[in-house]
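# Fold and contact review
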Amino acid sequence: MERTIALIGFGEAGSTFADAAGWEAGAAAYDVLPARRAAMEAAGVLACAAPECALGDAALVLSLVTADAALAAARDYAAMLKPGALWCDMNSVAPDTKRAAARAVEAAGGRYVDVAVLAPVNPARMNVPLLVSGAAADEAAEALRSAGFANVRVVGAEVGRASAIKMIRSVMVKGIEALTAEMMLAADAAGVADEVLASLDASEKAQGWAARAAYNLERMATHGLRRAAEMEESAKTLIGLGVEPVMTSGTVRRQRAMAGVSTSLDTNGVGVAEDPSTSLGANGVGNGVLLR
């Protein structure tokens with residue numbers, strides 16, 4: 001039978017979607033790792049040993065490779081696409097990377113679609129939120145819905161718009177994860193984890209992100225220098241507990257910058273303040289020296 005869906009890459013996302021949607025013989029899959037063919041067979045899709053096998057009849061292609069392989073996959077396989085096929089790039093890469101991939105796909109006669117996956121594929125499966133952008137976004141959204149995806153939204157006609165939303169959102173989402181790790185490593189080392197968490201619970205406010213962002217930006221503009229100084233002391237605290245203040249040192253820089261004072265990097269990557277401020281030492285902690 002004609003296989004209308006091709007999966008390029010059959011890791012967690014590809015296998016999850018194939019299992020959840022029940023595409024079976026209506027889909028074909030290819031992965032550069034031969035070991036993945038067993039998972040393809042278990043999902044009932046055609047297990048291909050070469051990309052041409054998966055792409056030859058596909059009207060809808062889901063590119064689900066690793067981020068560092070997203071552009072190469074588009075360039076390497078574009079010529080194998082059926083004319084007019086939709087190449088849905090679902091990889092988490094920068095807008096410029098997606099625009100470069102789009103040029104390769106479109107030059108070969110395919111239609112490139114920027115797709116951002118906004119949540120882990122497990123447990124969401126076919127309900128995972130998808131943002132879609134590009135010239136063929138409307139057609140791609142309909143094709144994705146027909147394939148079983150239940151939460152698809154078009155966000156524009158420009159390739160890179162969907163991925164910009166995802167990448168910028170990740171600054172907060174992944175940043176919070178990293179900050180959480182830094183906080184808990186220090187709290188555990190100091191033996192105060194319960195008290196720290198209870199204090200955070202007590203100060204938590206039910207507030208939408210638009211209001212929260214506006215409040216945070218205003219606080220930094222008004223009090224950024226004072227807060228930067230406080231965070232330098234927080235960084236020293238972490239160092240004293242044996243925790244490298246990776247995220248906290250970045251907070252020092254951002255607080256100071258938002259207060260209108262920039263911090264540059266010297267050749268060793270050590271912060272050197274410009275304008276009256278406290279410079280950053282080799283550990284990313286202020287050395288208390290005022291530079292003018």
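Coordinates for the structure precede this section.
Below you will find a few notes about this structure. Computed from a predicted model, the values in this text were never measured in an experiment.

Here the focus is the pairing of strand β1 (residues 5-8). A two-sided burial pattern is seen for β1, the buried positions comprising Ile-5 and Leu-7 on one face and Ala-6 and Ile-8 on the other. In terms of strand pairing, β1 meets strand β2 (residues 27-30) through four bridges, oriented parallel. Within β2, the residue paired with Leu-7 across the bridge is Ala-29. In the classification by handedness, the crossover that spans β1, the intervening helix α1 (residues 12-21) and the parallel β2 is right-handed. Looking at chain direction, β1 and strand β4 (residues 60-63) are connected through four bridges and run parallel. Its bridge partner being in β4, Leu-7 is matched across the sheet by Leu-62.

Another point: the sheet that holds strand β8 (residues 152-156). Pairing in this open sheet of eight strands is mixed, and the strands run β3-β2-β1-β4-β5-β6-β7-β8 from one edge to the other. Looking at the sheet topology across the chains shown, the edges are occupied by β3 (46-48) and β8. Along the sheet, successive strands turn relative to each other by an average axial angle of 25°, direction set aside. With four bridges joining them, strand β6 (residues 111-117) and strand β7 (residues 130-133) adopt antiparallel strand pairing. Within the sheet, the bridge partner assigned to Ala-116 lies in β7 and is Leu-131. Relative to the sheet, helix α8 (residues 161-190) contacts β6, β7 and β8, its axis offset from that of β6 by approximately 20°.

Our focus in this paragraph is the state of the cysteines. What the rule picks out here adds up to one disulfide. Linked covalently through their sulfurs, Cys-48 and Cys-53 form a disulfide whose S-S length is 2.2 Å. On the sign convention where negative is left-handed, the bridge of Cys-48 and Cys-53, at about -55° about the S-S bond, is left-handed. Of the residues examined, Cys-48 reaches a relative accessible area of 1% and is grouped as buried. Exposure remark for Cys-53: the relative accessible area of 39% places this residue in the partly exposed category.

With that settled, consider the environment of Ala-228. For Ala-228, the location among the structural elements is in helix α10 (residues 209-240). Residues within four places of Ala-228 in sequence aside, it is in contact with Val-252, Gln-255 and Arg-256.

A full pass over the atoms with the stated rule returns eight salt bridges. Note that Lys-98 is salt-bridged to Asp-114, the shortest N-O span being 2.8 Å. Highlighted residues: Lys-98 in helix α5 (residues 95-107) and Asp-114 in strand β6, separated in sequence by 16 residues. Here Lys-98 matches Asp-114 in class, with each residue buried.

Residue pairs spaced three or four apart in an α-helix point in one direction, given the helix's 3.6 residues per turn. Listed as buried for α1 are Gly-14, Ser-15, Thr-16, Phe-17 and Ala-18. In this structure, the buried residues of α1 make contact with β1, α2 (37-43) and α6 (121-124).

Basis of the calculations
- Residues numbered from 1 in each chain as written.
- Predicted model: local features only at pLDDT ≥ 70, side-chain atom pairs only at ≥ 80, totals over all residues.
- Heavy atoms only, no water.
- Buried < 20%, exposed > 50% of the residue type's maximum accessible area, 1.4 Å probe, protein only.
- Helix = DSSP H or I, 4+ residues; strand = E, 2+ residues; numbered from the N terminus.
- Pairing = 2+ DSSP bridges.
- Right-handed = clockwise from strand over helix to strand, strands pointing away.
- Axes fitted to C-alpha atoms, helices over the stretch in contact; angles between N-to-C directions.
- Contact = heavy atoms within 4.5 Å.
- Disulfide = S-S within 2.5 Å.
- Salt bridge = Lys/Arg side-chain N within 4 Å of Asp/Glu carboxyl O.

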